[in-house]
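# Coordinate inspection notes
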Amino acid sequence: MENSNKRTVLITGATGGLGTAMCKELYKDGYTVVGNYHTKEKADKWMAQMKSEGFNIELFYGDVSDYESTGKMIAEIESKYGHIDTLVNNAGITRDGRLINMKVEDWHAVINTNLNSVFNCTRQVIQGMIDRNFGRIINISSVNGQRGQFGQTNYSAAKAGMHGFTKSLAMEVAKYGVTVKYYFARIYWYRHGHGCSRKSIKSNCSASANGSLGRHARSSALGVVFSERRN
Ligand SMILES: NC(=O)c1ccc[n+]([C@@H]2O[C@H](COP(=O)([O-])OP(=O)(O)OC[C@H]3O[C@@H](n4cnc5c(N)ncnc54)[C@H](OP(=O)(O)O)[C@@H]3O)[C@@H](O)[C@H]2O)c1
């Protein structure tokens, strides 16, 4: 597969469901796509699969919940690809449970991976974007950050925090040609659910635009890609 667009896009959590779909769609659109991975074994399988499908997408290790690890990853990408034009903050986890039972570590893990990661990644690419007068930050959020969800105080708080971050940063950097947006992914498949019951996911889905389980990864990815294109 040829790719001709010189804009470089970094997608965090690239080996996950939505990450993979976004990588493919943006690659097909001609972007130079680089991904971030967290688990080596998963990354090796992912790269082999992508290669077999004709996608030339390199993965870089980084624990986006950790500022230093993220910084090393970004430095590595920039030394190889020059600079990052578009950052998609997609990596995320859930550790669901009612607050009354929630462990302190499950609170921190979700806030660190879903929200602090957005700071860790964005903080370390934003100056370059400002200097070049061009940049796109896309934060993958969730409808649950807006309306709340039973058993997801940690996750909903992280995603709601992402909305405030997005709106505030957008004000700070618009004058430098940098846009900051969030995208509401909706429940599109079961895998991400971890502790979430199928019943609860189904009830989420019935409230979503499409109202069905599965096969939404591609449409979510297309939504993000579309938002990138419109910038
Ligand atoms: N699936 C849905 O229905 C849905 C709905 C609304 C919003 N979202 C949001 O969409 C995004 C992607 O969801 P998904 O369903 O594609 O999830 P997923 O399949 O579970 O993928 C999540 C990705 O994040 C990576 N990751 C986790 N912790 C990380 C860390 N500390 N550093 C770097 N990468 C890390 C995972 O890598 P490892 O597996 O190697 O740890 C994985 O590649 C998330 O932000 C999620 O909150 C999803």
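## Structural notes on helix α2 (residues 40–53)
Turn by turn, an α-helix covers 3.6 residues, leaving residues three or four places apart pointing in a common direction. When the terminal C-alpha atoms of α2 are compared, their 20 Å separation across 14 residues agrees well with the 20 Å that a helix rising 1.5 Å per residue should span. Downstream of α2 by one or two residues, G54 has phi in the positive range, about 95°.

## What about the environment of H38?
Looking at where H38 falls in the secondary structure, it is placed in the loop between β2 (32–37) and α2. Here the alpha-carbon distance between H38 and T12, two residues 26 residues apart in the chain, equals 9.1 Å.

## Brief notes about the sheet that holds strand β3 (residues 58–61)
Paired through backbone hydrogen bonds, the strands of a sheet run either parallel or antiparallel to each other. In space, the 6 strands of this open sheet follow the order β3-β2-β1-β4-β5-β6, with parallel pairing throughout. Either end of the sheet is taken by a strand with one partner, and the two such strands are β3 and β6 (178–185). The average undirected angle you get between the axes of adjacent strands in this sheet is 20°. Two strands pair when backbone bridges link them, and strand β1 (residues 8–11) and strand β4 (residues 86–89) are joined in this way by 3 bridges, in the parallel orientation. When the bridges of β4 are listed, L10 appears paired with L87. Against the sheet, helix α1 (residues 17–28) makes contact with β1, β2, β4, β5 (135–142) and β6, and its axis sits at roughly 165° relative to β2, the strand it touches most. Lying over the sheet, helix α4 (residues 104–123) contacts β4 and β5, oriented at roughly 170° with respect to β4.

## Structural notes on α1
The terminal C-alpha atoms of α1 lie 17 Å apart, and with 12 residues this matches the ideal 16 Å at 1.5 Å per residue to within 8%. Extensive coverage of α1 is indicated by the burial of 10 of its 12 residues. Among the residues making up α1, those that are buried are L18, G19, T20, A21, M22, C23, K24, E25, L26 and Y27. Looking one or two places after α1, you find G30, whose phi comes out positive at around 100°.

## What to know about unusual backbone geometry
The phi angle at N133 is positive, at roughly 60°, despite the residue not being glycine. In this structure, N133 sits in the loop between α5 (126–132) and β5. Overall, N133 belongs to the exposed group, with 10 C-beta atoms counted inside 10 Å.

## Regarding the pairing of β3
Bridge count between β2 and β3: 4 bridges; the pairing is parallel. When the bridges of β3 are listed, V34 appears paired with E58.

## Concerning the nonpolar core
Core analysis: the biggest nonpolar cluster contains 46 residues, and L10, I11, C23, V33 and V88 have the highest contact counts within it. Ranked by the residues each element gives to this core, the list is headed by α1, at 6 residues.

## Observations regarding the environment of G135
Counting through the fold element by element, G135 comes out in strand β5. Spatially, the C-alpha atoms of G135 and Y176 are 8.5 Å apart, while their sequence positions differ by 41 residues. Setting aside its immediate chain neighbours within four residues, G135 contacts D85, M129 and V178.

## Here we look at the environment of I11
Along the chain, I11 falls in strand β1. Measuring from C-alpha to C-alpha, the distance between I11 and M22 comes to 7.9 Å, with 11 residues separating the pair along the chain. The residues contacting I11, other than those within four sequence positions of it, are G19, M22, C23, V33, G35, N36, V88 and N90.

## A look at the packing of α4 against helix α7 (residues 153–173)
Two elements in contact, α4 and α7, have axes whose closest approach is 8 Å; the angle formed by their N-to-C orientations is 15°. Here α4 is positioned roughly parallel relative to α7, judged by the angle of their axes. Handedness of the α4/α7 crossing: right-handed. Residues D106, W107, V110, I111, N114, L115, V118 and T122 of α4 pack against N154, Y155, A157, A158, K159, G161, M162, F165 and L169 of α7. The residue inventory of the contact of α4 with α7, partitioned by class, reads 11 nonpolar, 4 polar and 2 charged.

How each quantity is defined
- Each chain carries its own residue numbering, running from 1 in the direction its sequence is written.
- In keeping with the model being predicted, local features are shown solely for residues with a pLDDT of at least 70 and side-chain atom pairs are shown and tallied solely at 80 or more, while totals for entire chains, interfaces and linings include all residues.
- Helix and strand assignments follow DSSP, with helices taken as H or I runs no shorter than four residues and strands as E runs no shorter than two, numbered in order from the N terminus.
- By definition here, a helix of n residues has an expected span of 1.5 Å times n minus one.
- For two strands to be treated as a pair, DSSP must find at least two bridges joining them.
- In this analysis an axis means a line fitted to C-alpha atoms, helices contributing only their contacting stretch, and an angle means the value between N-to-C directions, from 0 to 180 degrees.
- C-beta atoms are placed from the backbone for every residue, and two residues are taken to be in contact when these atoms lie within 7 Å.
- Think of it as a crowd count around each C-beta: if 20 or more other C-beta atoms lie within 10 Å the residue is buried, if 12 or fewer it is exposed, and in between it is partly exposed, with C-beta placed from the backbone throughout.
- In this description, a nonpolar core means buried residues of the types Ala, Val, Leu, Ile, Met, Phe, Trp, Tyr and Cys, linked to one another by C-beta atoms lying within 7 Å.
- Between 65 and 115 degrees an angle is taken as roughly perpendicular, under 35 as roughly parallel, over 145 as roughly antiparallel, and anywhere else as oblique.
- By the definition used in this description, the sense in which the near helix is turned from the far one sets the handedness, with an anticlockwise turn below a right angle giving left-handed and a clockwise turn giving right-handed.
- Ten residues, namely Ala, Val, Leu, Ile, Met, Phe, Trp, Tyr, Cys and Pro, are considered nonpolar, four, namely Asp, Glu, Lys and Arg, are considered charged, and the remaining ones, Gly among them, are considered polar.

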